[in-house]
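Spelled out from the first residue to the last, the chains are:
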Amino acid sequence: MMVEVDHLTKCYPRKKAVDNVSFAVDSGEIVGFLGPNGAGKTTTMRMLSGYIPASGGSIRIAGIDVLRNSLAARRKIGYLPENVPLYNELRVDEFLRFKAHLKGVPPRQCRKHVERVKELCGLSREGRRIIGQLSKGFRQRVGLADALLHSPELLILDEPTIGLDPSQIRSVRELIKELAKHHTIILSTHILPEVEITCQRVLIIHEGRIAASDTPANLRAAIQGGTRILVELHAPREQAGGLLANLPHVREVKSDQREAWTHYELECATDVDLRQNVFELAVREGWKLRELSIKKTSLEEAFIRLTTGEPENREPSMDSYEV
Amino acid sequence: MRAFYALWKKELQGYFLSPIAYVVLMFFLLLMGVSLWFLVDMLSGGMIAGGVMQTLFGESIFFWVAMLIAIPVITMRLLAEEVKLGTMEGLLTAPVADHTVVLAKYAGALSFFVCMWLPTAAYGFIIRYFDPDATVDIGPMFTAYLGTLLIGACYVALGLLASSLTRNQVVAAVMCFALVGISFFAGFIPYVAANPSVRHLSAYFSPVIHMMDFSRGVIDTRPLILYLTTTLALLFAAIQVVESGKWK
């Protein structure tokens, strides 16, 4: 086990930032911390990296206690803080050489390691550039290169794509996937597609607690049975609603009158496609049908449900038929 | 040790990569140059009572003005800037002990302080060249520089502590200036206090009196121990402040 976190708690004078959090990360896993701003992601990562001590609980990185044997644990960790702290007056090469010395890379291997991380992060041609003059995307890469310098077993990346433009985000994501071949990665984000694309497992953190922990696909399925069928019918509203609710696997039907047409939303208990059943029902009953589509619950909805207890975009005018 | 060297080098390099080094050096050498000019003027007028080193170090107001202004400027950025830029997070999550970071930064600042004084070593020889009769002894010259180093080491540690207490460089500089200023002006208490026991006691802590002794060639172990222990205590305090910052 690469990371073992047991009953981790961090109390600030007026707030409990992290509250009794326990989780484990296997070697080679990419785990995403997902949560709204202020959920406790950064605090957890700072505790993992040994920057701030925990108020309670324990963290073990590759079997080493982070609080008791901090220096040994830090050798195993490459940490990219959220604001990417860099020395603006230094050149990329100077900065990386400085950090390599600081991280105990043997002097003879220093150049080799600097060149390796530069190549990995697409900085091969930027070595002579002054950090203060680099774009946000390149600064992020320098931060990542720094985190990789001493070939750590665990990479902790706090919001690695924040503030980047879409193409930069894509290239950083590619880079993270590439790094995952040789490192265990914990990354935090509040951008949902990011975890769906890059992570094997998601920990949803809300108000300092773990609200859910699973693969993005399982999480999506667990929250809301998988699918929703959207139907728009020209039919007697109550009768159609009742018949739709009687279809197999339907958990709930919501309806919304739009002039002569009624919009129905069927929530299904399992991951099944009921479109054919709905079509056959409409034919049998002689209803006019102008929309029939399937909608999978996105992780975004799962996330919003978990962190607010409310489904996303619930329309207040909708009536619902509980099954 | 390699991490210490890397941090020390980066710190010293940092001065010369920013305008700070050049502004401080220019200002300092200008002041010391004026001091030398006064000395030469006095030598040529035959107005010198004590040795050359006493006039340059112990009795010179320029020496203290330079200390009062240069030390806060040298030390203000040491830790405050790292905290403000967030680079402290990078340093304290690297496999380096917190005290190594603080001590290396201190060593970097002290090294710059020494660099600042190095050119003045030529003054004695310049005077000797122009006036072979002037009393420039190697002994007092050595002790005057030793005194400067001891007092400087203590004030740099004071500046480091001030810099660890805030993330604002200006606040750190003002704090350091005020503390060095208090220490300097309190150095005159032995001259002005009416109470003999206050006069006697304050003389032990007066950097002005200590510097006069050092520039006369006197090595008294009391100020030596005073400055060394104060420096160590201040460094210890700065390390504690950095470590305690994590627990907030």
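Along each chain, numbering runs from 1 in the same order as the chain's sequence is written. For this description, chains carry letters from A and ligands carry numbers from 1, given in the order in which they are written. Residue-level local features of this predicted model are given only where pLDDT is at least 70; pairs of side-chain atoms are given and counted only at 80 or more, and the full residue set underlies all totals for whole chains, interfaces and linings. Neither water nor hydrogens contribute to the side-chain values; these are computed over all heavy atoms in the structure.

Draft legend 1. Seen up close, the overall build of chain A. Strands here mean DSSP runs of E at least two residues long; helices mean DSSP runs of H or I at least four residues long; both are numbered from the N terminus. In terms of helices and strands, chain A carries eleven helices and 15 strands. Contacts between residues were defined by any pair of non-hydrogen atoms, one from each residue, lying within 4.5 Å. Taking all contacts inside chain A whose residues are at least 6 apart in sequence as the whole, residues at least 24 apart take part in 69%. Surface exposure of chain A reaches about 14500 Å², of which carbon and sulfur atoms provide 47%. Only the protein chains shown count as cover for residues, and the accessible areas themselves come from Shrake-Rupley with a 1.4 Å probe.

Draft legend 2. Representation of the packing of aromatic side chains within the structure. Working definition: a ring pair exists when centres of Phe, Tyr or Trp rings (six-membered ring for Trp) sit within 6.5 Å. Plane angles under 30 degrees give stacked, over 60 give edge-to-face, the rest tilted. Taken as a whole and assessed by the stated rule, the structure comprises 18 aromatic pairs over all chains. Ring geometry for Trp37(B) against Phe38(B): centres 5.5 Å apart, planes inclined by 75 degrees, an arrangement best described as edge-to-face. Here Trp37(B) falls in the exposed class, since its relative accessible area comes to 55%. Pairwise contacts between aromatic rings join Phe28(B), Phe63(B), Trp64(B), Phe113(B), Trp117(B), Tyr145(B), Phe184(B), Phe185(B), Phe188(B) and Tyr191(B) into one cluster. Whether a charge lies above a ring is judged from NZ of Lys or CZ of Arg, which has to be within 6 Å of the ring centre and within 35 degrees of the ring normal. Of note, Lys10(B) hangs over the ring of Phe98(A), and the distance from its end group to the ring centre comes to 5.9 Å. A simple rule labels every residue: compare its accessible area, found with a 1.4 Å probe on the protein chains alone, to the largest value its type can have, and call it buried under 20%, exposed over 50%, or partly exposed in between.

Draft legend 3. View of the nonpolar core. The biggest cluster of nonpolar side chains holds 148 residues, and the ones touching the most others in it are Val3(A), Leu48(A) and Met116(B). The element that contributes the greatest number of residues to this core is helix 9 (residues 138-164) of chain B, accounting for 14 residues. What Met116(B) contacts, discounting residues up to four positions off in sequence, is Val24(B), Leu25(B), Phe28(B), Leu29(B), Ala70(B) and Ile74(B). For the purposes of this section, nonpolar cores are sets of buried Ala, Val, Leu, Ile, Met, Phe, Trp, Tyr and Cys residues that join through side-chain atoms within 4.5 Å. One finds Val231(A), Ala240(A), Ala245(A) and Leu281(A) within the second-largest nonpolar core, a separate group that totals 18 residues.

Draft legend 4. Region of the structure containing the environment of Leu281(A). With respect to the secondary-structure elements, Leu281(A) resides in helix 10 (residues 275-285). Note: C-alpha distance between Leu281(A) and Ala240(A) (41 residues apart in sequence) is 9.3 Å.

Draft legend 5. Quick peek at the confidence of the model for chain B. Along the chain, pLDDT gives the predictor's confidence residue by residue, from 0 to 100. Chain-level pLDDT for chain B is 88 on average; 96% of the residues reach the 70-or-more range. If you check the scores for this complex, the pTM reads 0.81 and the ipTM reads 0.85.

Draft legend 6. Region of the structure containing helix 10 of chain A. Residues and elements named next belong to chain A. When helix 10 is considered as a whole, its buried residues turn out to be Val278, Leu281 and Ala282. Across the axial projection of helix 10, the buried residues extend over an arc of 100 degrees, all falling on one side. Those residues of helix 10 that are exposed and aimed more than 90 degrees away from the buried face are Gln276, Val283 and Arg284. Of the residues one or two after helix 10, Gly286 is the one with positive phi, at around 75 degrees. Summarising the geometry, the arc corresponds to the directions from the helix axis toward the C-beta atoms.

Draft legend 7. The arrangement of helix 7 (residues 98-117) of chain B in detail. The end-to-end C-alpha separation of helix 7 of chain B is 29 Å, in line with the 28 Å expected for 20 residues at 1.5 Å each. For helix 7 of chain B, the tally of buried residues reaches 16 of 20 residues, placing the bulk of the element in the interior. Helix span, expected: 1.5 Å multiplied by one less than the number of residues in the helix.

Draft legend 8. Fine view of the side chain of Asp146(A). Residues and elements named next belong to chain A. Mapping Asp146 onto the fold places it in helix 5 (residues 136-148). Polar side-chain contacts of Asp146 include one of 3.1 Å to the side chain of Lys99. The residues touching Asp146, leaving out its near neighbours within four places in the chain, are Phe95, Leu96, Lys99 and Lys103. We define a polar contact as two N or O atoms separated by no more than 3.5 Å, with the added condition that, inside protein, one atom must be a possible hydrogen donor and the other a possible acceptor, whereas residues neighbouring each other in sequence contribute only through side-chain atom pairs.

Draft legend 9. Here's a closer look at the state of the cysteines. Cysteine sulfur atoms that come within 2.5 Å of each other are treated as a disulfide pair. Throughout the structure, instances matching the rule amount to zero disulfides over all chains. A disulfide-free cysteine, Cys154(B) has its sulfur positioned 10 Å from the sulfur of Cys176(B), the nearest such atom.

Draft legend 10. Quick look at the interface of chain B and chain A. Across the contact, 25 residues belong to chain B and 28 residues belong to chain A. Once two parts are joined, some of their accessible surface, as seen by a 1.4 Å probe, is lost; buried area is that loss totalled over both. Taken over both partners, the interface formed by chain B and chain A buries close to 2500 Å², and the fraction arising from carbon and sulfur atoms is 64%. Considering only the surface of chain B that becomes buried against chain A, Arg2(B), Glu89(B) and Pro95(B) emerge as the three largest contributors, covering 28% of it. For salt bridges, the criterion is a side-chain nitrogen of Lys or Arg within 4 Å of an Asp or Glu carboxyl oxygen. Viewed at the interface, chain A and chain B are joined by one salt bridge. At the junction of chain B and chain A, the tally comes to seven residue pairs in polar contact (both at pLDDT 80 or more). Sorting the residues of the side of chain B that touches chain A by element identifies helix 1 (2-17), helix 5 (80-85), helix 6 (87-92) and helix 14 (221-247) of chain B as the ones contributing at least two each. Class assignment of the residues belonging to the side of chain B that touches chain A gives a composition of 13 nonpolar, five polar and seven charged. The classification used treats Ala, Val, Leu, Ile, Met, Phe, Trp, Tyr, Cys and Pro as nonpolar, Asp, Glu, Lys and Arg as charged, and all other residues, Gly among them, as polar.

Draft legend 11. Looking closely at the packing of helix 12 (residues 196-205) of chain B against helix 13 (residues 207-215) of chain B. Residues and elements named next belong to chain B. One way to put it is that helix 12 packs onto helix 13 with a least axis distance of 6 Å and a crossing angle of 60 degrees. Our classification of the angle between helix 12 and helix 13 gives oblique. Crossing of helix 12 against helix 13: the hand is right-handed. Facing Ala203, Tyr204 and Phe205 of helix 12, the residues of helix 13 in contact are Pro207, Ile209 and His210. Of the residues contributing to the contact of helix 12 with helix 13, the split by class is five nonpolar, one polar and no charged. In this analysis an axis means a line fitted to C-alpha atoms, helices contributing only their contacting stretch, and an angle means the value between N-to-C directions, from 0 to 180 degrees. Here roughly perpendicular refers to angles of 65 to 115 degrees, roughly parallel to angles under 35, roughly antiparallel to angles over 145, and oblique to all remaining angles. Each helix crossing is assigned a hand: it is left-handed if the near helix lies turned anticlockwise from the far helix by less than a right angle, otherwise right-handed if that turn is clockwise.

Draft legend 12. Quick look at the pairing of strand 6 (residues 77-80) of chain A. Residues and elements named next belong to chain A. Both faces of strand 6 are covered, namely the face carrying Ile77 and Tyr79 and the face carrying Gly78 and Leu80. As paired elements, strand 6 and strand 7 (residues 154-158) share four bridges and run parallel to each other. Across the sheet, residue Leu80 finds its bridge partner in strand 7, namely Leu157. A pair of strands is labelled paired if DSSP reports no fewer than 2 bridges between them.

Draft legend 13. Region of interest: the confidence of the model for chain A. For chain A, mean pLDDT is 84; residues scoring 70 or higher make up 88% of the total. In this model residues 312-323 of chain A is a low-confidence stretch, pLDDT under 50, and it forms 32 contacts with partners more than four residues away in sequence or in other chains.

Draft legend 14. Representation of the sheet that holds strand 5 (residues 64-65) of chain A. Residues and elements named next belong to chain A. With respect to topology, four strands assemble into an open sheet ordered 2-1-4-5, the strand pairing being antiparallel. Looking at the sheet topology across the chains shown, the edges are occupied by strand 2 (15-25) and strand 5. Bridging between strand 1 (residues 3-12) and strand 4 (residues 56-61) involves five bridges; their strand directions are antiparallel. Bridging from a neighbouring strand, Thr9 pairs with Gly56 of strand 4. Lying on the sheet, helix 1 (residues 41-49) is in contact with strand 1, strand 2 and strand 4; it crosses strand 1 at an angle near 120 degrees.

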